[in-house]
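Fold and geometry: a report
Read off the chains here:
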Amino acid sequence: MNNRLKRILQGIFWILVYLFLTLLPVMVMFLPPRPPGREFIRELSVALGFVGLAMMALQFALTARFKTIKAPYGADVVYQFHRQISILAFVLILIHPILLFVPQIHPISILNIFSPETPWRARFAVTSLLALCGLIVMALWRKPLKIEYTRWRIWHGVLATAAVAFAMLHVLGVNWYINVPWKRLLWAGYSIFFVGLLLYTRVWKPWQLLRTPYRVQEVKPERGGCWSLVLQPDNHAGFDFQPGQFAWITAFSSPFKDAEHPFSFSNAPAGDGRLRFTIKELGDFTRRIKELKPGDVVYVDGPYGAFSIDRHPHAKEFVFIAGGVGITPVVSMLHALAQRNDPRPLLLIYGGRDLESLTLRDEIEELQGRLNLKVVYVLENPPEGWQGEKGYITREVLDRWLLPERRKNQTEIFICGPIPMMNAVEDALARMGFFAGDVHSERFDLV
Ligand SMILES: Cc1cc2nc3c(=O)[nH]c(=O)nc-3n(C[C@H](O)[C@H](O)[C@H](O)COP(=O)(O)OP(=O)(O)OC[C@H]3O[C@@H](n4cnc5c(N)ncnc54)[C@H](O)[C@@H]3O)c2cc1C
């Protein structure tokens, strides 16, 4: 079975598991013995609430970085799914009480959690809903609200846990569809699964990272305000990775602090566990990379991601379109192709401000001598007398280099760079007739 088919089947399998777990509480609702019948609107409201809650609880599995779940799709797709499905779950959960208030099954005054008349089950529901509202607002508008990423991540975890935990307490408090022991067992199973996931991500994973530290070997300045950080496993074998993948790095703090940042590997796997990341100085964390000294301890959780030539062994050629520091996973893939003496034609379209600030340019030029590689620089501020491409990577630039025969060939295209560039390039490639399944993107911006 070829790799693509295997990934499609794995992908379908996980979608079916997801659907089953999402719908399980509703299926159980309808299984006998059922409690005495109630109004249709109330049953519908409960069914929507159950589905929404199951979706929320499963979000913890989606973001727990289980490699087997992410493998068929890649981290980018899973995070996008996480984002979109949260909104759907939120809407379903919101409809749940609205359906009860409209025909006045419950008075709206039940929302007043401070009233002595309000039962605890309603207080739990309102608290869960408030946590969910906070979660959604912060997730959708983190940047306009100017919430710093690390602080946002902590609040995201706290609010998500509160939303699901209080919703579970609400279900237990209502105690309607858990009228027999095996139904109670199902909900206990969901709760244990949820707590287990929390323990896995907050305790087990950090503990594993603590046991497998890395030591800084070198910190080297690069063009374009970047630093290359070379790490060596400290008394363990490290891990293997596919060129183009990424890992989460924790430096200057313990892995229990949840202060990790994602970076793509910029080297090729060499079997010795050595890792290199090339990091642009952008914010609080990345500006401190240069402070690391040889021998310092860093924790690395990886590898992750589906942005790799190794997932497309049958490609006849590869095209890489990179902007700025988005070149890092591309250089990792070029190194791997050079190591393997790969003869396939390669095209790199690399956009940047000027020639001097093109990160890892010297390495790319050295690799050109070892690969069947054509490099096209697209410069915003080209030097005097520059004969090459100028400005941004536009449809016109792509039309000049991605000739029609390339569109028919088994060409796999990898895009990584600033988000506006990626959106424009993806759009242009779709209009040019490239098949979406052959275009692979890595966004350096998860939220
Ligand atoms: C899959 C992936 C691969 C990446 N590879 C590279 C790389 O090879 N080289 C490189 O220079 N950069 C890479 N990045 C971007 C890098 O993770 C961010 O620039 C870095 O985390 C910014 O942290 P900061 O505290 O310095 O900046 P801040 O000013 O705090 O953040 C700037 C922006 O970066 C994002 N960000 C910040 N912290 C995190 C975090 N912990 N997790 C996710 N996003 C965060 C947020 O959108 C934030 O608004 C990659 C990102 C992703 C998602």
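Since we're looking at a predicted model, the values are computed, not measured.

**Describing the site of the ligand**
- By nearness alone, 25 residues border the ligand, and Glu-260, His-261, Pro-262, Lys-280 and Thr-286 come closest of all.
- Thr-328 is positioned such that a nitrogen or oxygen atom in its side chain is 2.9 Å from an oxygen atom of the ligand.
- Relative to its unbound accessible surface of 880 Å², the ligand loses 90% to contact with the protein.
- Those elements giving two or more residues to the shell around the ligand turn out to be β3 (246-251), β4 (261-264) and β5 (275-280).
- It is β4 that contributes the most residues to the shell around the ligand, 4 residues altogether.

**Quick notes on the UniProt feature "domain: FAD-binding FR-type" (unreviewed entry) in the chain**
- The residues that UniProt annotates with the feature "domain: FAD-binding FR-type" (unreviewed entry) are residues 209-310.
- A helix fraction of 3% and a strand fraction of 40% characterise residues 209-310, whose end C-alpha atoms lie 26 Å from each other.

**Considerations on the pairing of strand β6 (residues 297-304)**
- Within β6, 7 of the 8 residues are buried, which leaves the element mostly enclosed by the surrounding structure.
- Looking at chain direction, strand β1 (residues 214-222) and β6 are connected through 2 bridges and run antiparallel. Bridged to Tyr-214 within β6 is Val-298.
- Of the pairings in the sheet, the one linking β3 to β6 comprises 5 bridges and is antiparallel in character. Paired with Thr-250 across the bridge in β6 is Tyr-299.

**Focus on the environment of Phe-30**
- If you trace the backbone, Phe-30 turns up in helix α1 (residues 3-30).
- Remark: the alpha-carbon pair of Phe-30 and Leu-185, spanning 155 residues in sequence, is separated by 16 Å.

**Re the domain arrangement of the chain**
- Per the domain assignment, the segments making up the chain are domain 1 (3-209), domain 2 (213-304) and domain 3 (314-442).
- Between the C-alpha centres of domain 1 and domain 2 there is a distance of 34 Å.
- Listed per partner, the contact involves 13 residues of domain 1 and 15 residues of domain 2.
- Summing both sides of the interface, domain 1 and domain 2 together bury roughly 1400 Å²; the carbon and sulfur share of this comes to 55%.
- When residues of domain 1 are sorted by the area they lose upon contact with domain 2, Arg-65, Arg-153 and Leu-209 head the list and together hold 44% of the total.
- The interface formed by domain 1 and domain 2 holds 2 salt bridges in total.
- Of the charged contacts, one joins Asp-301 and Lys-205 as a salt bridge, the two residues approaching to 3.4 Å between their closest N and O atoms.
- Between the two partners, domain 1 and domain 2, sit 3 residue pairs in polar contact (both at pLDDT 80 or more).
- Looking at the side of domain 1 that touches domain 2, the elements that each hand over two or more residues are α4 (75-101), α6 (149-174) and α7 (181-211).
- If you tally residues by element for the side of domain 1 that touches domain 2, the top one is α7, at 6 residues.
- A breakdown of the residues in the side of domain 1 that touches domain 2 according to their chemical character gives 6 nonpolar, 1 polar and 6 charged.

**Some thoughts on the nonpolar core**
- Counting residues in each nonpolar core, the largest one holds 48 residues, and the members touching the most others are Phe-50, Met-56, Val-164 and Trp-187.
- For this core, the secondary-structure elements that each account for two or more residues are α1, α2 (40-62), α4, α5 (120-140), α6 and α7.
- The element contributing the most residues to this core is α2, with 13 residues.
- Excluding residues that lie within four positions of it along the chain, Val-164 makes contacts with Leu-53, Met-56, Ala-57, Phe-60 and Phe-194.
- Counting residues in hydrophobic clusters, the runner-up holds 29 residues, among them Leu-348, Leu-360, Leu-373 and Phe-414.

What counts, and where the lines are drawn
Residues numbered from 1 in each chain as written. Predicted model: local features only at pLDDT ≥ 70, side-chain atom pairs only at ≥ 80, totals over all residues. Heavy atoms only, no water. Near = heavy atom within 4 Å. Polar contact = N/O pair within 3.5 Å; in protein donor to acceptor, adjacent residues only side chain to side chain. Areas by Shrake-Rupley, 256 points an atom, 1.4 Å probe, with all protein chains shown as cover. Helix = DSSP H or I, 4+ residues; strand = E, 2+ residues; numbered from the N terminus. UniProt positions renumbered as here; feature names shortened; annotations may be inferred. Buried < 20%, exposed > 50% of the residue type's maximum accessible area, 1.4 Å probe, protein only. Pairing = 2+ DSSP bridges. Domains from an automatic or database assignment. Contact = heavy atoms within 4.5 Å. Buried area = accessible area lost by both parts, 1.4 Å probe. Salt bridge = Lys/Arg side-chain N within 4 Å of Asp/Glu carboxyl O. Nonpolar A, V, L, I, M, F, W, Y, C, P; charged D, E, K, R; others polar. Core = buried A, V, L, I, M, F, W, Y, C linked by side-chain atoms within 4.5 Å.

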